[in-house]
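A closer look at the structure
This is what each chain is made of:
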Amino acid sequence: MPSWNTVRDDFPALHQQVNGHPLVYLDNGATTQRPQVVIDAVSRFYAHDNANVHRGLHALSMRATAAYEGARARVARFINAAAPEEIIFTRGTTESLNLVAASWGSRLQPGDVILLTEMEHHSNLVPWQLVAARTGAKLRYVPVTGDEGKLDLSVLDQLLTPEVKVFAFTHISNTLGTINPVAELCARARQVGAISVVDAAQSVGHMPVDVRAIGCDFLAFSGHKMAAGTGIGALYGRRELLDAMPPWQGGGGMIAHVGFFESRWKPSPERFEAGTPNFGDAVGLAAACDYLDALGRAQLRRHDGELARLAYQKLSALPNIRLLGPAEEERGGLVSFALSDVHAHDVVTFADEDGIALRGGHHCNQPLMHKLGLTGTVRASFYLYNTAEEIDVLIASIRRIQKFFG
Amino acid sequence: MSADLTELYQQVILDHNKRPRNRGRLPTANRVAHGDNPTCGDQCSVYLRLENGKIADISFDGSGCAISQASSSLMTTQLKGKDAAEAASLYQQFHQIVTTGEAPEAISDLAAFAGVHTFPARIKCATLGWHAALNALKGDPIPATTESRLD
Ligand SMILES: Cc1ncc(COP(=O)(O)O)c(C=O)c1O
């Protein structure tokens with residue numbers, strides 16, 4: 001049973017020196033570390049139960065299938081989906097969003113509108129550009145208010161017209177830290193008959209997420225941003241929508257019948273899982289759900305939010321700094337900033353010398369950076385194992401950097 | 001500060017970063033090329049005035065880290081008066097410096113970039129401006145990118 005007092009002990013990767021300093025890992029927005037229980041669950045699966053799923057009649061295949069389908073049920077419970085069949089395993093958020101755009105999006109027509117926001121990660125932007133180019137649908141964007149980083153909902157009425165068929169937005173911005181009012185946005189989409197697609201990459205592992213309370217049609221996330229492995233993630237979709245969607249990839253596992261000239265598909269979720277899935281990491285994802293729920297996602301949200309608040313407060317006391325995102329409430333566990341005299345990459349290189357892992361750059365958010373007149377920012381993103389002391393280490397490092405370039 | 005970092009951020013580099021030479025659009029330019037580093041969003045444009053096959057004047061602008069800014073700045077001071085072949089050969093030497101840390105003799109200020117080789121992720125920062133300059137010399141209308149095979 002994990003405990004908040006000992007969480008750091010659960011993560012082997014945290015206990016190392018980097019450039020002669022204890023590692024301060026503040027790049028959780030990119031990927032989190034994994035606890036030993038997740039690593040063990042994956043190893044145990046490969047050591048004992050490994051076989052292909054859904055096709056063997058032998059003991060190991062049946063065990064592997066049970067483990068894989070058990071993982072699906074666990075993930076469904078994690079986000080309060082109505083049924084395991086509403087969970088499609090994917091490589092991660094990017095693949096989940098591409099799936100919706102390619103499959104659901106294939107019904108779009110010229111004159112239809114895809115509504116996005118200016119704070120979308122490239123993975124919730126480029127797939128829609130691709131489908132727009134294929135179908136003749138048009139893209140529209142909800143603007144971001146500026147450095148404060150909120151969606152300008154005062155213009156939503158003008159944007160969310162009956163031509164809008166899809167409204168896709170992020171739950172927590174990976175660049176600004178903004179937590180968007182997703183339930184409200186989904187309700188607004190519903191009013192005009194548009195489907196809602198939520199990018200939950202930065203939220204699912206950090207706070208309670210309940211797809212039925214949010215009222216979304218689709219929700220995408222990645223395992224590696226919530227203490228599980230890479231190459232695994234999920235797409236939640238409402239069953240009636242999924243069952244009406246065409247496949248997006250063809251192959252084994254997804255067919256009901258194959259002839260030389262035509263085939264019929266299985267229902268969801270198999271319809272969307274062509275080929276051998278990443279069942280090993282699906283087992284790890286289920287273990288991560290157990291781990292996070294044992295700690296409590298409401299507490300996790302409080303912990304991350306408190307660190308972000310502290311970091312924001314301490315950073316804003318520094319000279320020549322520009323902070324992005326909302327100042328107080330509505331901020332997820334990250335802070336993003338630019339120093340006026342030092343480029344983000346120089347900051348990251350210097351901080352690395354102090355053992356601090358940061359991210360610098362456009363964070364896959366180039367159009368937003370452009371709008372804000374920035375080429376990049378430095379981002380410190382927190383997770384359950386980060387501490388207030390680590391924020392002091394960060395601040396001291398930034399001070400040294402400013403002095404060096406000053 | 002570690003020796004590697006001091007080596008990377010040499011005084012020459014800090015100086016060029018703070019007071020870039022030949023920065024800004026060159027009004028008399030007859031060649032221009034842009035460089036992008038898609039990984040980090042750094043951008044650099046290089047403006048040339050070619051006269052009789054030689055670089056009569058050169059400038060750059062854009063945005064990026066200290067390494068890319070200083071490298072572009074220093075490059076402009078080195079390329080003035082050179083023709084395409086001389087520029088290419090200078091780039092080869094520069095490339096050797098940033099990838100191996102070994103500077104051929106008589107290469108002057110460019111040797112300040114020897115420290116880059118211990119930070120492989122930063123090599124592209126150092127070469128961005130050079131990519132743009134070589135493309136401008138070729139009269140290449142295509143934006144240079146650090147993802148191209150020219151490295
Ligand atoms: C908000 C957001 N959306 C989507 C992604 C893409 O996730 P992945 O690379 O795991 O597919 C990320 C991760 O960088 C993200 O932060």
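Everything below is about the structure printed above this text.
A brief structural summary. (Residues numbered from 1 in each chain as written. Chains lettered and ligands numbered in written order. Predicted model: local features only at pLDDT ≥ 70, side-chain atom pairs only at ≥ 80, totals over all residues. Heavy atoms only, no water.)

**Re the overall build of chain B**
Threshold: A helix here means a DSSP run of H or I that spans at least four residues, while a strand means a run of E at least two residues long, and both kinds are numbered starting from the N terminus. The globule rule is 2.2 Å times the number of residues to the power 0.38, and the radius of gyration it is compared with is taken over C-alpha atoms. Under the scheme applied here, a residue whose accessible area is under 20% of the maximum for its type counts as buried, over 50% as exposed, and between as partly exposed, the area being computed with a 1.4 Å probe on protein chains only. Contacts are residue-level and defined by heavy atoms, with any inter-residue pair within 4.5 Å sufficient. The protein chains shown are the only cover counted for residues, whose accessible areas, like all others here, come from Shrake-Rupley with a 1.4 Å probe. Positive: Lys, Arg. Negative: Asp, Glu. His and the chain ends are not part of the count. Positions of charges follow a simple convention, taking NZ of Lys, CZ of Arg, CG of Asp or CD of Glu.
Within chain B, the secondary structure is distributed over five helices and four strands. Starting at the N terminus and ending at the C terminus, chain B contains elements arranged as α-α-β-β-β-α-α-α-β. A globule of 151 residues ought to have a C-alpha radius of gyration of about 15 Å, and chain B, at 14 Å, matches this closely. Here the C-alpha coordinates of chain B stretch approximately 45 × 35 × 30 Å along the principal axes. Scored against the burial criterion, the 151 residues of chain B give a buried share of 47%. If you take every contact in chain B between residues at least 6 apart in sequence, the share linking residues at least 24 apart comes to 57%. Entry remark: accessible area of chain B is about 6,700 Å², with carbon and sulfur atoms responsible for 51%. Here chain B contributes 14 positive and 16 negative side-chain charges, whose respective centroids are spaced 6 Å apart.

**A closer look at the pairing of strand β10 (residues 233-237) of chain A**
Residues and elements named next belong to chain A. This is how the line gets drawn: Strands are labelled as partners when DSSP assigns at least two bridges between them.
Judged by how many residues are buried, β10 sits mostly within the fold: five of five residues are covered. Here β10 shows two buried faces, one formed by G233, L235 and G237 and the other by A234 and Y236. The pairing of strand β4 (residues 87-90) with β10 spans four bridges and is antiparallel. Paired with I87 across the strands is Y236, a residue of β10. With five bridges joining them, strand β9 (residues 218-222) and β10 adopt antiparallel strand pairing. Each residue of the ladder has a partner; that of L219, found in β10, is Y236.

**Examining the sheet that holds strand β7 (residues 164-170) of chain A**
Residue and element names in this part refer to chain A. Formally: Geometry is summarised by axes, namely lines fitted to C-alpha atoms with helices restricted to the contacting stretch, and by angles between N-to-C directions that run from 0 to 180 degrees.
Here seven strands make up an open sheet; going across it, the order is β4-β10-β9-β8-β7-β5-β6 and the pairing mixed. Of all the strands in the sheet, just β4 and β6 (138-142) have a single pairing partner and so form its edges. On average, adjacent strands in this sheet sit at an angle of 20° to one another, irrespective of strand direction. Lying over the sheet, helix α2 (residues 59-78) contacts β4, β9 and β10, oriented at roughly 115° with respect to β4. Of the strands in this sheet, β7 and β8 (195-199) touch helix α6 (residues 182-191), which is tilted by about 175° from β7.

**Brief notes about the pattern of salt bridges**
As a working rule, side chains carrying opposite charge can pair if their charged atoms are close by. Residue and element names in this part refer to chain A. What counts here: Should a side-chain nitrogen of Lys or Arg be within 4 Å of a carboxyl oxygen of Asp or Glu, the pair is scored as a salt bridge.
Taken as a whole and assessed by the stated rule, the structure comprises 27 salt bridges over all chains. R238 serves as the salt-bridge partner of D217, at 2.8 Å between the closest nitrogen and oxygen. Of the two residues, D217 sits in the loop between α7 (211-214) and β9 while R238 sits in the loop between β10 and α8 (239-243), which places them 21 residues apart along the sequence. For D217, a relative accessible area of 8% gives the class buried. Each of R74, D290, D293 and R297 takes part in one network of salt bridges that share partners.

**Notes on the packing of aromatic side chains**
Under the convention used in this document: Only centres within 6.5 Å qualify two rings of Phe, Tyr or Trp (six-membered ring in Trp) as a pair; their planes then separate them into stacked at under 30 degrees, edge-to-face at over 60, and tilted for everything else. Cation placement over rings: the criterion is NZ of Lys or CZ of Arg within 6 Å of the ring centroid and within 35° of the ring normal.
According to the stated counting rule, one finds 16 aromatic pairs over all chains in the structure shown. An angle of 50° between the planes, with centres 4.7 Å apart, marks the rings of F350 of chain A and Y9 of chain B as tilted. In this pair, F350 of chain A is assigned in helix α11 (residues 344-353) and Y9 of chain B in the loop between α1 (3-8) and α2 (11-18), connecting two distinct chains. The exposure class assigned to F350 of chain A is buried, which follows from its relative accessible area of 6%. Judged by centre distance (5.8 Å) and plane angle (40°), the rings of Y91 of chain B and W130 of chain B are tilted. Residue Y91 of chain B is located in helix α4 (residues 84-100), and its partner W130 of chain B is located in helix α5 (residues 123-138); the two are separated by 39 residues in the primary sequence. Residue Y91 of chain B shares its accessibility class with W130 of chain B, and that shared class is buried. The structure contains a cluster of three or more aromatic residues connected by ring pairs, namely F11, Y291, Y383 and Y385 of chain A. Stacked on the ring of F78 of chain A, the Lys or Arg R297 of chain A has its end atom at 3.5 Å from the ring centre.

**Here we look at the interface of chain B and chain A**
Keep this limit in mind: For any pair of parts, buried area is found by adding up, for both, the accessible area (1.4 Å probe) each one loses once the two are put together. Distance and chemistry together define a polar contact, namely a pair of N or O atoms within 3.5 Å, with one atom able to donate a hydrogen and the other to accept it when in protein, and with adjacent residues in sequence counting only for side-chain atoms on both sides.
Taken together, the 20 residues of chain B in the interface contact 13 residues of chain A. Summed over both sides, the interface between chain B and chain A buries roughly 1,300 Å², with carbon and sulfur atoms accounting for 59% of that surface. For chain B, the biggest contributors to the area lost against chain A are L5, Y9 and C40 of chain B; these three give 29% of the whole. Put simply, chain B and chain A have one salt bridge between them. Viewed at the interface, chain A and chain B are joined by nine residue pairs in polar contact (both at pLDDT 80 or more).

**Digging into α11 of chain A**
All names here are of chain A. For α11, the tally of buried residues reaches nine of ten residues, placing the bulk of the element in the interior. Here α11 has its buried residues at A344, H345, D346, V347, V348, T349, F350, A351 and E353. At the C-terminal side of α11, G355 shows a positive phi close to 85°.

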